Amino acid sequence: MGVIGKRVAYYPGCSLEGAARSYDVSTRIVAKELGLELDYLEDYNCCGAMESKNVTFMGTMLLNARNMSLARRQGHNVIVAPCNGCSFSLQRAEYFLETDRAVYDRVNALLREGGVDPLDQIPQTYHILEWFYHEAGPQKVKERTRKPLRGLKVANYYGCLYTRPHFYARTYAHAGGQDEEARPRKRETADDDEHPYYMNALLEAAGATSVEFEPMHTQCCGGPHSLSDELVSEKFVMMILQTAKRNGADIIATECPLCHASLEMYRHRLMMKGVPDVDVPAAYFTQLLGLAFGYSVGDVKLKDNLSDPIPVLKKLGLA
Amino acid sequence: MAIHERSLVEPERILRKERLVIDGVDVSGDWNLIILPRVINDYDLDFAKDVMNSPDGKTITQCYQCSYCTASCPVHNYWDERYNPRHFIYLARLGMIDELQKRADVMWRCVSCHKCTHRCPKGVLVEEVLKAILRAMAKKGLVEEYPSKKFDKFFTESVLEYGRIEDGELLFGWIEKQGYRVFKDPILKKPIPFIGETPEWLKQLTVKPLKSMNIGFLVLNAKHMLFHPRTKNWSKFKQVLRKVMQEEGALH
């Protein structure tokens, strides 16, 4: 513990200020309760997500380098992002800036040209779940829990980019075939790469029960294609929801606004089509933690969830 | 005998008969299944160089064709077995552009879950390499417009314009691109939900916050749709981005 630091730069990403407001609000609540401090990254820009990198390599590097530069200006060495896509993009930029000198120099020159401070140091990016687990941990969650989530069976959905790829997220001490300097070293704080468990541990500390959810816990939801290739996304979401339902889950806990939106959108479509066993609602893990800390449904904005988890929670006497 | 990766062989080149005589030799029995050979002489060895030129495509040289990427790939396993990352890398390295072009209709289906990159024992950044191959093909005009590329461009343009994206505008803009008639207000030219054509499932989904009287959520998102959230001091940075993208041939 204490590797990442109690006070970090917080990169919310675009969706947390719009459709995923509930994630932003509940994240701040949980951080406050756990005694951690988020320093909002002023005037950030989009990380480029999974889309921009297919169009332009250098452009995506620049977008992320600008955010890193903002964090440096606010005096931080660590950025924390609550979205899988954002943390992936920042970690990807980190990887290329660290291993490719030519890219680093070019990016710095272009940043200067664009009126942004060049990077004197490359800040590290962590997913917010990693941060919660390592700076507070299940013990602290247990201490703070006032209304345990007793009887709630949760399927913990991590999504694809939380532990993957290990080159960027550094979840695996694997040397690969690349040359020495390009080899990533495993992070001290990293989750298990094939069987992540941080969310399980935090929610179990808050009193919930995790159901068996492998291998769907890291299966892709088809998020990057959720608008452009609907059939693939729909099928992937169907597999995830059905696995959760058939293993007895009341609710799916998510940690990425893109996965969350994809699950909710396609859950609705699948239900309209009459596909069986897909009626599991989704909620952000921070919302569930917020409930356990004694906050109300309104405080953690559970009404914002389009899949409507309130009835399930009411039935168990948790909301 | 089984043929591994049968999807890679054209059906007309697989020969299976009860009695099979080839060049006067009877090869019936266990050996009744044959893949007819073919000769290829139109390959472009410079193609792999194109891929290697971009920093994210460099690792293509490290691949030793173990196929762990394909075995992990959800698109290959659950959607279309013609989607085969190992094979795409193989073809790109040999410069067999014809064969790549035949598979262009599935190549874009990668969902960027990075399972391939994660599990590669040789440290190839498989997903990045595949995207680099697609980019190299697009540069040569070998792939047609496909939905995910259109969306990627649409998304990137939105980022370039404002510095940030907005979920609602992205959604309705995309619906419009797909051929639905989206109603826009005459002054600000912003899409108005509930009026005009919208897919039925989406209509029902947007009504949900209305039904549960979740006014805060609606107001916030409506505000964002009307006044697009933007990054301050963006214009100078935008020009640099534009310049870089033009160099890479991503802007026209």
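Before any of the text, the structure's been laid out above.
Residues numbered from 1 in each chain as written. Chains lettered and ligands numbered in written order. Predicted model: local features only at pLDDT ≥ 70, side-chain atom pairs only at ≥ 80, totals over all residues. Heavy atoms only, no water.

K.L.:
Looking at this structure, how should I read the layout of surface pockets?
P.N.:
One way to see where empty space is left: roll a probe the size of a water molecule over the atoms. In this structure, the second largest pocket encloses a volume near 640 Å³. For the second largest pocket, the lining is made up of 25 residues, of which Val55(A), Arg135(B), Ala136(B), Lys139(B) and Glu248(B) are closest to its centre. In terms of residue count, helix 8 (residues 126-139) of chain B provides more of the lining of the second largest pocket than any other element does, seven residues in total. Here the lining of the second largest pocket is built from residues that sort into 10 nonpolar, six polar and nine charged. (1 Å grid on protein atoms, 1.4 Å probe; cavity = no way out; pocket = protein on both sides within 12 Å on 5 of 7 lines; lining within 4 Å. Points joined across faces, edges and corners; volume = space filled by probe spheres on them. Helix = DSSP H or I, 4+ residues; strand = E, 2+ residues; numbered from the N terminus. Nonpolar A, V, L, I, M, F, W, Y, C, P; charged D, E, K, R; others polar.)

K.L.:
Mind showing me how you'd approach the sheet that holds strand 3 (residues 78-81) of chain A here?
P.N.:
For sheets, the rule is that strands pair by backbone hydrogen bonds, running either parallel or antiparallel. Residues and elements named next belong to chain A. Across the sheet, which stays open at both edges, the four strands sit in the order 2-1-3-4 with parallel pairing between neighbours. On the outer flanks of this sheet lie strand 2 (37-40) and strand 4 (124-127), each paired with one strand and no other. Ignoring which end each strand starts from, the neighbouring axes of this sheet average 40 degrees apart. Looking at chain direction, strand 1 (residues 7-10) and strand 3 are connected through two bridges and run parallel. The residue of strand 3 that forms the bridge with tyrosine 10 is valine 80. (Pairing = 2+ DSSP bridges. Axes fitted to C-alpha atoms, helices over the stretch in contact; angles between N-to-C directions.)

K.L.:
How should the packing of aromatic side chains be read in this particular structure?
P.N.:
All names here are of chain A. Per the counting criterion, the structure on display carries 25 aromatic pairs over all chains. Between tyrosine 158 and tyrosine 162, the ring centres sit 5.5 Å apart and the planes meet at 15 degrees, which makes this aromatic pair stacked. Aromatic side chains tyrosine 197 and tyrosine 198 sit 5.1 Å apart centroid to centroid with 90 degrees between the ring planes, which places their arrangement in the edge-to-face category. Assessed through its relative accessible area of 2%, tyrosine 198 is described here as buried. (Phe/Tyr/Trp six-rings, centres within 6.5 Å; stacked < 30°, edge-to-face > 60°. Buried < 20%, exposed > 50% of the residue type's maximum accessible area, 1.4 Å probe, protein only.)

K.L.:
Can you help me understand the interface of chain A and chain B in this one?
P.N.:
Interfaces are frequently sized by the accessible area removed from exposure as the parts join. Across the boundary between the two partners, chain A contributes 74 residues, which contact 71 residues of chain B. Where chain A abuts chain B, roughly 6700 Å² becomes buried across the two surfaces, and 61% of that area is made up of carbon and sulfur atoms. Taken as a group, Val55(A), Leu227(A) and Leu306(A) account for 10% of the area that chain A buries against chain B, more than any other trio of residues on that side. Between chain A and chain B we count nine salt bridges in total. Between Glu128(B) and Arg92(A) there is a salt bridge, and its shortest N-O distance comes to 2.7 Å. For the side of chain A that touches chain B, the secondary-structure elements that each account for two or more residues are helix 2 (52-55), helix 3 (57-73), helix 4 (84-99), helix 5 (101-113), helix 8 (166-169), helix 10 (230-246) and helix 11 (257-273) of chain A. (Contact = heavy atoms within 4.5 Å. Buried area = accessible area lost by both parts, 1.4 Å probe. Salt bridge = Lys/Arg side-chain N within 4 Å of Asp/Glu carboxyl O.)

K.L.:
Got a minute to help me understand the pairing of strand 1 of chain A in this structure?
P.N.:
The side chains of a regular strand alternate, first on one face of the sheet and then on the other. Residues and elements named next belong to chain A. In the sheet, strand 1 pairs with strand 2 via four bridges, with the strands oriented parallel. Residue pairing for strand 2: valine 8 is matched across the bridge by leucine 38. In this fold, the crossover linking strand 1 to strand 2 by way of helix 1 (residues 21-33) has right-handed handedness. (Right-handed = clockwise from strand over helix to strand, strands pointing away.)

K.L.:
Honestly, unusual backbone geometry in this entry has me stumped. Any pointers?
P.N.:
Glycine aside, residues mostly have negative phi angles, and peptide bonds mostly take the trans form. The omega torsion of the bond from Arg164(A) to Pro165(A) falls at -20 degrees, within 30 degrees of zero and hence cis. Topologically, Pro165(A) is positioned in the loop between strand 5 (153-156) and helix 8. With an omega of 0 degrees, the peptide bond between Glu214(A) and Pro215(A) qualifies as cis. One non-glycine residue, Asp43(A), lies in the positive phi region at around 60 degrees. Mapped onto the secondary structure, Asp43(A) falls in the loop between strand 2 and helix 2. Of the residues examined, Asp43(A) reaches a relative accessible area of 14% and is grouped as buried. Its identity is not glycine, yet Ser112(B) carries a phi of approximately 55 degrees, on the positive side. For Ser112(B), a relative accessible area of 3% corresponds to the buried category.

K.L.:
Where do I start with the sheet that holds strand 8 (residues 282-284) of chain A in this structure?
P.N.:
Residue and element names in this part refer to chain A. Across the sheet, which stays open at both edges, the four strands sit in the order 6-5-7-8 with parallel pairing between neighbours. Looking at which strands have only one partner, the edges of the open sheet turn out to be strand 6 (209-210) and strand 8. Here strand 5 pairs with strand 6 via two bridges, running parallel. When the bridges of strand 6 are listed, valine 154 appears paired with serine 210. Across the sheet, helix 11 is in contact with strand 7 (251-254) and strand 8; its angle to strand 8 comes to roughly 165 degrees.

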